[in-house]
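Observations on the three-dimensional arrangement
Here is how the chains run, residue by residue.
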Amino acid sequence: MAEAAEQFLAHQRIAVTGVSRRSDTHAANPVYVRLRDRGYEVFAVNPNAETVEGDRAYPSLSAIDGGVDAVVIATAPQHALSTVQEAHRLGVRHVWMHRGLGAGSVSAEAAAWGREHDMTVLDGGCPLMFGRTSDGFHRFVCRMSTLTGKVPREV
């Protein structure tokens, strides 16, 4: 998992789906903001918003000019498969289905579909648990979540 997270975070253009207009209501917002603050070129995807966190929001992955290299999926799990499929159509090969302390965005169907189509799928955990985006709190949650199976040991 650590190696897959490192490879994911080596990409500079990352979309984050599920970023909310209200920053206090959704786990995608802290991921989006931290990636932005750490120097990533990050794109908020929310079909129901024009702006989030003071930045332009995009209705879909395909609406992002120049595309992205990787996608964090932080929507309800039932939307994960269509996001993975859209990413695949656009040539994106790295997706991360967010799961922190709660149920998260993981869909077994989406993970299997992505892997069947030669995509690297991180199905659990959070980008803020690894590398230059991490902090002490997230590293602690990562250790606990690995023990409970919310962060996979292997990708």
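1. Quick word on the overall build of the protein
On a plain count of helices and strands, the protein comes out with five helices and seven strands. Over its C-alpha trace the protein gives a radius of gyration of 14 Å, about what one expects of a compact globule, namely 15 Å for 155 residues. Dimensions along the principal axes, computed over C-alpha positions, put the protein at roughly 40 × 35 × 25 Å. Looking at the 155 residues of the protein, the share that counts as buried comes to 51%. Partitioning the contacts of the protein with sequence separation of at least 6, the portion at a separation of at least 24 is 67%. As displayed, the protein offers around 7500 Å² of accessible surface, 49% of which is attributable to carbon and sulfur atoms.

2. Some words on the environment of Val95
Take Val95: it is sitting in strand β6 (residues 94-97). The spacing of Val95 and Met119 is 24 residues in sequence and 7.5 Å in space, taken between C-alpha atoms. Residue contacts for Val95: discarding those within four places in its chain leaves Phe8, Val71, Ile73, Val84, Ala87, Met119, Thr120, Val121 and Leu122.

3. Re a nonpolar patch on the surface
Taken together, the side chains of Phe140, Met144 and Leu147 make up a nonpolar region of the molecular surface, amounting to roughly 310 Å² of accessible area. Here Leu147 lies in helix α5 (residues 136-148).

4. With respect to unusual backbone geometry
Even without glycine at this site, Glu53 takes up a positive phi of about 50°. Mapping Glu53 onto the fold places it in the loop between β3 (51-52) and β4 (55-58). Under the relative-accessibility criterion, Glu53 is labelled partly exposed at 25%. One non-glycine residue, Asp118, lies in positive phi territory at about 60°. Take Asp118: its relative accessible area is 68%, and that puts it in the exposed class.

5. A word on the packing of aromatic side chains
With the rule as written, the count across this model stands at three aromatic pairs. Arranged with centres 5.2 Å apart and planes meeting at 85°, the rings of Phe8 and Trp96 form a pair that is edge-to-face. Taken together, the residues span a long stretch of sequence, with Phe8 in helix α1 (residues 2-9) and Trp96 in strand β6 at a distance of 88 residues. The two residues Phe8 and Trp96 agree in class, both being buried. Summarising the aromatic geometry, the rings of Phe43 and Tyr58 are spaced 5.8 Å apart at their centres and angled 70° between planes, so their arrangement reads as edge-to-face. Here Phe43 is found in strand β2 (residues 41-45), whereas its partner Tyr58 is found in strand β4, with 15 residues between them in sequence. The ring of Tyr40 has Arg132 sitting right over it, with the charged end atom 4.3 Å from the ring centre.

6. Considerations on the environment of Thr146
Tracing the chain through its elements places Thr146 in helix α5. Sequence separation between Thr146 and Met1 is 145 residues, and the spatial gap between their C-alpha atoms is 9.9 Å.

Here is what the cut-offs are and how they apply
Residues numbered from 1 in each chain as written. Predicted model: local features only at pLDDT ≥ 70, side-chain atom pairs only at ≥ 80, totals over all residues. Heavy atoms only, no water. Helix = DSSP H or I, 4+ residues; strand = E, 2+ residues; numbered from the N terminus. Rg over C-alpha atoms; globule rule 2.2 N^0.38 Å. Buried < 20%, exposed > 50% of the residue type's maximum accessible area, 1.4 Å probe, protein only. Contact = heavy atoms within 4.5 Å. Areas by Shrake-Rupley, 256 points an atom, 1.4 Å probe, with all protein chains shown as cover. Patch = residues over 30% accessible without salt bridge, like charges linked within 9 Å, V, L, I, M, F, W, Y side chains within 5 Å. Salt bridge = Lys/Arg side-chain N within 4 Å of Asp/Glu carboxyl O. Phe/Tyr/Trp six-rings, centres within 6.5 Å; stacked < 30°, edge-to-face > 60°. Lys NZ or Arg CZ within 6 Å of the ring centre and 35° of its normal.

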